[in-house]
Amino acid sequence: MKTNKNTQPFIFIQKYVGRTKNLKIKRVLYTEAQNHCKGFVHTEYAEKVIRAADILLVAYKYDNPTIPVGFAVLEVSGDTIELQLICSNSNVKGVGTLLEKSTERLTKRQKKSVLKLDSLPNAETFYRKLGFIESDKPCMKSPVLKRSGSVMSGFRYSKCMKK
């Protein structure tokens, strides 16, 4: 997958599916979480959601396809995909956006209506720019906007994918 002008060239996304499959990549991501989550995410939380993931999206550079430069951890539940964790290498610009956009495409491909996430305060602006709103029901004609969550657990955001 070629990236846009704002990112390092030649990043590609590899999808891994299944909770018990791909134990090797999960072990790699436990280590990478410490490197890429910039200290904002507790290691125990990262390991827990990686272990329970339904889908992992892992970003690599073509010139080094063995070391991830970012990853997204997804859980599928009913009509929703929940973005449990997204972490990227701060030295490779645009990886977080690329992973989020890949998550959106996957959500649409799987015919899911809603993409949800909890955002830490330092990432709220990023998610708002990508069209996320503070609502549990973003597909309503006039969704009720409400602030839920906390600084410690993150604030709940969602995005309607039916459009």
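Above this text sits the structure in question.
Residues numbered from 1 in each chain as written. Predicted model: local features only at pLDDT ≥ 70, side-chain atom pairs only at ≥ 80, totals over all residues. Heavy atoms only, no water.

The next point concerns the pattern of salt bridges. Scanning the entire structure with this criterion turns up five salt bridges. A salt bridge links E82 to R156; the nearest nitrogen and oxygen atoms lie 3.1 Å apart. Residue E82 is found in strand β4 (residues 80-88), and its partner R156 is found in strand β7 (residues 154-160); the two are separated by 74 residues along the sequence. Of the two residues, E82 and R156, both sit in the buried class. Of the charged contacts in the structure, one is a salt bridge between K159 and E104, with a shortest N-O distance of 2.6 Å. Placement of K159 in strand β7 and of E104 in helix α3 (residues 95-109) is noted, with a sequence separation of 55 residues between them. You'll find K159 and E104 in the same group, each marked buried. (Salt bridge = Lys/Arg side-chain N within 4 Å of Asp/Glu carboxyl O. Helix = DSSP H or I, 4+ residues; strand = E, 2+ residues; numbered from the N terminus. Buried < 20%, exposed > 50% of the residue type's maximum accessible area, 1.4 Å probe, protein only.)

The backbone phi angle of K111 is positive, close to 60 degrees, even though this residue is not glycine. Mapping K111 onto the fold places it in the loop between α3 and β5 (114-119).

In contact at an axis separation of 9 Å, helix α1 (residues 23-36) and helix α2 (residues 43-52) are set at 155 degrees when each is read in the N-to-C sense. With respect to α2, the axis of α1 lies roughly antiparallel. Considering the relative orientation of α1 and α2, their crossing is right-handed. Contacts from K26, L29, Y30, A33 and Q34 in α1 reach T43, A46, E47, I50 and R51 in α2. (Axes fitted to C-alpha atoms, helices over the stretch in contact; angles between N-to-C directions. Parallel < 35°, antiparallel > 145°, perpendicular 65-115°, else oblique. Left-handed = near helix turned anticlockwise from the far one by under 90°. Contact = heavy atoms within 4.5 Å.)

Going through the model one piece at a time under the given rule, you end up with four aromatic pairs. A centroid spacing of 5.4 Å and a plane angle of 25 degrees characterise the contact between F12 and Y60, whose relative ring orientation is stacked. Here Y60 lies in strand β2 (residues 55-61) and F12 lies in strand β1 (residues 11-17), a separation of 48 residues in the sequence. The class of Y60 is buried, set by a relative accessible area of 4%. Here a set of aromatic residues connected by ring pairs shows up, and it is made of F12, Y60 and Y62. (Phe/Tyr/Trp six-rings, centres within 6.5 Å; stacked < 30°, edge-to-face > 60°.)

Among the residues of α2, A46, V49 and I50 are the ones counted as buried. Projected down its long axis, α2 carries its buried residues within an arc of 100 degrees, all on one side. Along α2, exposed side chains directed more than 90 degrees from the buried face belong to E44 and K48. Taken together, the buried residues of α2 touch α1, β3 (64-77) and β4. (Arc of directions from axis to C-beta.)

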